[in-house]
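# What the coordinates show
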Amino acid sequence: MDEGAGFHARLERAASATAKEKLLAFLEARPAGADARELIGLLLNGAGTDPDLGARLVRSLLGADPNFIYDADSALWSVRRAASLRVPFDEAQFTVVDLETTGGRVGPGTIVEIGAYRMTGRRVGESYQTLVRPHAPIPRFITGLTSITNAMVRDAPRIEDVLPAFRDFMGDSVMVAHNAPFDFSFLDFEFRRIFGIGVRNPVLCTLRMARRFLPSVKRKRLDALAEHFGLSTDGRHRGLGDARMAAEILSIFLDIAEKNGLARLDLLLDHNQRGIAGRRIERHIAPEEIAALPSAPGVYLMRNSRGDLLYVGKARRLKDRVSSYFNAGISLNAKTADLVSHVWKLETRVTRSSLEAALLEARLIRELKPPFNRMLKGVAPAYFVKLDLMDEFPRIMISSRLTTRRGMLQLGPFIGKASLERSIRALSRILGVRTCTGKLKPDPDFAPCIYGQMGHCTAPCNGSIGGDAYGERVRKAVAFFRGRSGALTAELARGRDQAARALRYEEASRLHRDLESLATFANRVARLSQVVTENNLVIVTGRDGDRAAHVVLSGRLALSRELSSPGAVNEIVAFVADNFELYRGRPVVRAELEPMTIVALWLRERAPDEGSLIYLRGPELSVDALTSRDLPNP
């Protein structure tokens, strides 16, 4: 997050902000300065056809104010205090910081260690290090990563006692960190909680610098960069050790920056705060507004300065999801950066669960057609495995969409196409099921493809296997998809062990990889069918006094009702009784595909404490099952 983002956003959001206050806030966040065209564009969204109008207006507005200065050589305006940042690197003051925390989520007392080094230019100076006693126990995973135990911090000072001294240590210097949005978010939260005002220091991120200066280096983690430059990695995952590595890497990046024509601190800060392809990411939402968002499921609507809807999204935790847009910085892709730069207003709608959030998001996108929803990719796509049982020689297919075709067995959803393709290839090879497309007309004179020649396919194309024998292999695949995987995996395990005992290690390795690939299917959640259209259940969301029921029949979202009265409960019970068999015999229609996909994906990804599931074995659903305070979970 750039230095003036919070101040900028507060002024822009305030109805009483004057034009001069807006320009002051904008230039505070841009120490390298801005020309008159940018400033007049900020105020008026363009100055018409007069090329000198902007310069004249800005000069009349700012020329006599001591807070602003104008550089005639570069024709740039800036705030006077930014002049202190217009220094060569050798005179610049940095504090390189690394925090160890109890996890990835910001909250009171979540910092467990602070390590920092002061730097003047490229020279590393005084260090600061302290353990901090968190408000909650340190998770075992964090202890394994950092070696910081609960016993080590038992007598350490609280963050409330540590932060004043660290604030004095950092002073007005530039804060530097690797993946700075992470460290900044924790410090800024505690600064606001304890001091009433957030971190005001300019911020540099060595991870962003690595992405800009070292595009050909694939691994940009702190230890990977240290190894790339031949630096010591001693003390990794501890505050002072990581701060030392970041400081040494910063020194190298300062040399690289100078070679790229960035010889002053203000120019480097400006460069670091730009997004993809050197583009500046403007943020118009105050940190206080994001911090006030609920940590509840719901949808968020992003609007421009005129109130026009730009984007609709869903979230399991609104605060975390929305803040990721405004803290990601250079890691945002170009289209998302463009969205963030246009967002001036946020609207949120809290829902009972992420299921309702996903359904509401889909409805709003369908009805309102926000422009950025068409431009941006959303969450990771879901994929389904399909088997056309109307085909005499079906093949196993992967698709991102459900279909209404009769006789099509549809399984999923699965996240991650590459691993799914490996699993399907392994299963097809093991069972000898074909992978070629189209309908087959077996012909003894037909030459099989390379897979048939290698024995990876039973080659029904040339009559090497008949329909009945091929159907038996398909039935094994269907049984595997429905969770009866024991026989097939046991056979693979025996083959692997026999190959290993016979010293056929390559064969054993291949069989072991096949076993691992098929784990994608074998690890399915208990009692939840792989076959989408075989899911029959009632999903109850919300809490006492505000609950809703969603009836899923043959995989389709058949009914959603609030449980607001005994009459609503009886209506749901009657609906299940009247429609259970009807949905089993009725084909899927196109309008049902989108909610089917949403429900199937939610069932796959739901948190253990999110909603309760009442499984239906038939048309009977009791009133007690819907009204019980202790609804069953799978």
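Residues numbered from 1 in each chain as written. Predicted model: local features only at pLDDT ≥ 70, side-chain atom pairs only at ≥ 80, totals over all residues. Heavy atoms only, no water.

### Points about the overall build of the chain
Stated precisely, the cut-off is as follows: Starting at the N terminus, helices and strands are each numbered in turn, a helix being any DSSP run of H or I of at least four residues and a strand any DSSP run of E of at least two. In this scheme, a residue with accessible area under 20% of its type's maximum is buried, one over 50% is exposed, and one in between is partly exposed, where area comes from a 1.4 Å probe on protein chains only. Only heavy atoms enter the contact rule, under which two residues are in contact if any of them lie within 4.5 Å. Computed with a 1.4 Å probe, the accessible areas rest on the Shrake-Rupley method; for each residue, only the protein chains presented here act as cover.
The helix and strand inventory of the chain stands at 25 helices and 17 strands. The buried share of the chain, reckoned over its 634 residues, is 50%. Once local pairs closer than 6 in sequence are excluded, the contacts in the chain between residues at least 24 apart make up 64%. For the chain, the accessible area works out to roughly 30,200 Å², and carbon and sulfur atoms hold 51% of it.

### Some remarks on the nonpolar core
Stated formally: Residues belong to a common nonpolar core when they are buried Ala, Val, Leu, Ile, Met, Phe, Trp, Tyr or Cys residues joined through side-chain atoms within 4.5 Å.
Within the largest apolar cluster, 31 residues are counted, with the highest numbers of intra-cluster contacts made by Phe-94, Phe-213, Leu-250, Phe-253, Leu-265 and Leu-268. Looking at this core element by element, the count peaks at nine residues for helix α11 (residues 239–259). When neighbours within four sequence positions are excluded, Phe-94 is seen to be in contact with Tyr-117, Arg-118, Met-119, Gly-121, Ser-173, Val-174, Val-176, Leu-204, Leu-250, Leu-254 and Leu-265. Grouped together as the second largest cluster of nonpolar side chains are 28 residues, Phe-393, Leu-409, Val-433 and Ala-459 included.

### Regarding the sheet that holds strand β17 (residues 612–615)
The condition that has to hold: In short, DSSP must find at least two bridges between two strands for them to pair. Fitted lines through C-alpha atoms give the axes, limited to the stretch in contact for helices. The angle between two N-to-C directions lies from 0 to 180 degrees.
As summarised here, the arrangement of the four strands in space is β16-β15-β14-β17, forming an open sheet in which the pairing is antiparallel. Of all strands in the sheet, those bounded by a partner on one side alone are β16 (556–562) and β17. The average angle at which neighbouring strand axes cross in this sheet is 20°, direction not considered. Contacts from helix α16 (residues 354–368) reach β14 (537–543), β15 (546–553) and β16, with the element oriented near 70° to β15. Against the sheet, helix α24 (residues 593–605) engages β14, β15, β16 and β17, with an angle of about 70° to β14.

### Points about the packing of aromatic side chains
By convention here, two paired aromatic rings are described through the distance between centres and the angle between planes. Our working rule: Stacked, edge-to-face and tilted are the three classes for Phe, Tyr and Trp ring pairs, Trp counted by its six-membered ring, which pair at centre distances within 6.5 Å; planes under 30 degrees apart are stacked, over 60 edge-to-face, the rest tilted.
For the coordinates displayed, the defined rule picks out 11 aromatic pairs. Their ring planes at 55° and their centres at 5.4 Å tell us that Tyr-128 and Phe-166 sit as a pair that is tilted. Highlighted residues: Tyr-128 in strand β5 (residues 123–131) and Phe-166 in helix α7 (residues 159–170), separated in sequence by 38 residues. Pair check on accessibility: Tyr-128 and Phe-166 agree, each one buried.

### Concerning α11
The test is simple: Helix span, expected: 1.5 Å multiplied by one less than the number of residues in the helix.
Compared with the 30 Å implied by 1.5 Å per residue over 21 residues, the 30 Å span of α11 between its first and last C-alpha is a close match. The element α11 is largely enclosed, with a buried count of 15 among its 21 residues. Positioned one or two residues after α11, Gly-261 has a phi angle of 85°, which is positive.

### Quick notes on the sheet that holds strand β7 (residues 203–205)
Strand order in this open sheet of five strands is β5-β4-β3-β6-β7, and the pairing throughout is mixed. Because the sheet does not close on itself, it has two edges, and the strands there are β5 and β7. Taken pair by pair, the neighbouring strands of this sheet meet at an average axis angle of 25°, ignoring direction. Relative to strand β4 (residues 111–120), strand β3 (residues 93–101) runs antiparallel, the two being bridged by nine bridges. Among the inter-strand pairings, Glu-100 is bridged to a residue of β4, identified as Glu-113. Packed on one face of the sheet, helix α8 (residues 180–195) meets β3, β4, β6 (174–177) and β7 and runs near 85° to β3. Set on the sheet, helix α12 (residues 265–272) makes contact with β3, β6 and β7; between it and β7 the angle comes to about 65°.

### As for the pairing of β4
Burial analysis of β4 places eight of its 10 residues in the buried class, which makes it a mostly covered element. Here β4 runs beside β5; their pairing, made up of seven bridges, is antiparallel. Counted as the bridge partner of Thr-120 is Arg-123 from β5. Hairpin connection from β4 to β5: two residues lie between these consecutive antiparallel strands, with Gly-121 at a positive phi of about 65°.

### Examining the packing of α7 against α8
Filter applied, for reference: Angular relationships are summarised with four words: roughly parallel below 35 degrees, roughly antiparallel beyond 145, roughly perpendicular across 65 to 115, and oblique for the angles in between. Under the grouping applied here, Gly and all other residues not named as nonpolar or charged are polar, the nonpolar ones being Ala, Val, Leu, Ile, Met, Phe, Trp, Tyr, Cys and Pro and the charged ones Asp, Glu, Lys and Arg.
Running from N to C, α7 and α8 cross one another at 110°; their axes reach a closest spacing of 11 Å. Judged by the inter-axis angle, α7 sits roughly perpendicular to α8. On the side of α7, the interface is formed by Ile-159, Glu-160, Leu-163, Pro-164, Phe-166, Arg-167 and Met-170, while α8 contributes Leu-187, Glu-190, Phe-191, Arg-193, Ile-194 and Phe-195. Class assignment for the residues of the contact of α7 with α8 results in nine nonpolar, no polar and four charged.

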